[in-house]
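# Working through the structure, step by step
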Amino acid sequence: DIADRRLSIFDFGCALGDALPVIKTQFPKSEIAGGDVASEAIKCANERYPAFSFTSLTPFENAPCFDVQYCSNTLEHFRDWPQLLEIVCRSSIEHAIVLVPYAERNLHEEHEATFFMADLPLRCAEKQLCSVAVADLRNIEPSYWRGWQLLAVYSVPPRGKSSSTSHTTSGSLVIDLRNYEPD
């Protein structure tokens, strides 16, 4: 869907911008950009990756609207992550793709929140949770995160469906896995 339709992608919380070239290899015909709250990170990202556009997200409400908002390992750094998730979803036109550490028992020194399935809202800013996955990254090389990772995708509900629908845009039923916990 994203590649076929050449949807634009914004890396929300891009830090030094390292993910943008990787995203571009997967979606070469899509517009790719990034943003972060750290002005030094944006300065470094601009120097390292001049082919991409980077935006200051101070305040977060300045997030530009893109077809897809990609937010990887950002929300866990904020106590008020639900408000930040709302901004991510609101600034996405079609999809918000969120990755966070999952079931983090001993919080990393920079993390303010831990995530379990039950923490995910089924709806956020007119988007519905349509896909959830959990992966064990403890033995994956290379990996910046050595634990469980949660992927959540929020998308615009299909046209003609009520806001309470539990179907994804492909018509498949959303399975509520919010009570699943890893071993």
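The residue count restarts for each chain, going from 1 along the sequence in the order it is written. pLDDT decides what is reported in this predicted model: residues at 70 or higher carry local features, side-chain atom pairs at 80 or more are listed and counted, and totals for whole chains, interfaces and linings draw on all residues regardless. As a convention, hydrogens and water are excluded, and side-chain values are obtained from all of the structure's heavy atoms.

### Section: the layout of surface pockets
If a probe the size of a water molecule is rolled over the atoms, the empty space left behind becomes visible. Operational definition: A cavity here means a set of 1 Å grid points, computed over protein atoms only, where a 1.4 Å probe fits but cannot escape. A pocket is an open set with protein on both sides within 12 Å along at least 5 of 7 lines, and lining residues have an atom within 4 Å of a point. Grid points are joined across faces, edges and corners, and a volume is the space filled by probe spheres set on the points. Here a strand is any run of E in DSSP of at least two residues, a helix any run of H or I of at least four, and the numbering for each starts at the N terminus. Under the convention adopted here, Pro, Cys and the residues Ala, Val, Leu, Ile, Met, Phe, Trp and Tyr are nonpolar, Asp, Glu, Lys and Arg are charged, and Gly plus all remaining residues are polar.
Counted as a void, the largest pocket has a volume near 1200 Å³. Put simply, the parts of the chain that give the lining of the largest pocket at least two residues each are strand E1 (9-12), helix H1 (19-26), strand E4 (66-72) and strand E5 (92-102). It is H1 that provides the largest number of residues to the lining of the largest pocket, a total of 4 residues. Residues of the lining of the largest pocket, tallied by class, amount to 22 nonpolar, 11 polar and 5 charged.

### Some thoughts on empty space enclosed by the protein
Inspection of the entire model under this criterion finds 1 cavity of 30 Å³ or more. Reported here for the largest cavity is a volume of approximately 50 Å³. If you go around the largest cavity, the residues you meet are Leu75, Trp81, Leu85, Val98, Val100, Phe115, Leu120, Leu150, Ala152 and Tyr154. For the lining of the largest cavity, the secondary structure elements donating two or more residues are helix H3 (81-90), E5 and strand E8 (148-155).

### Looking at unusual backbone geometry
Here is the rule we go by: The buried label applies to any residue whose accessible area, calculated with a 1.4 Å probe on protein chains only, is under 20% of its type's maximum; exposed applies above 50%, and partly exposed to all values in between.
A cis amide bond links Thr58 with the next residue in sequence, Pro59, at an omega value of -5°. Located in the positive-phi region is Ala15, a residue other than glycine, with phi close to 55°. Mapping Ala15 onto the fold places it in the loop between E1 and H1. Residue Ala15 is classed as partly exposed on the basis of its relative accessible area, which comes to 36%. A positive phi angle, close to 65°, is found at Glu126, a residue other than glycine. Take Glu126: it is sitting in the loop between strand E6 (123-124) and strand E7 (127-136). For Glu126, a relative accessible area of 64% corresponds to the exposed category.

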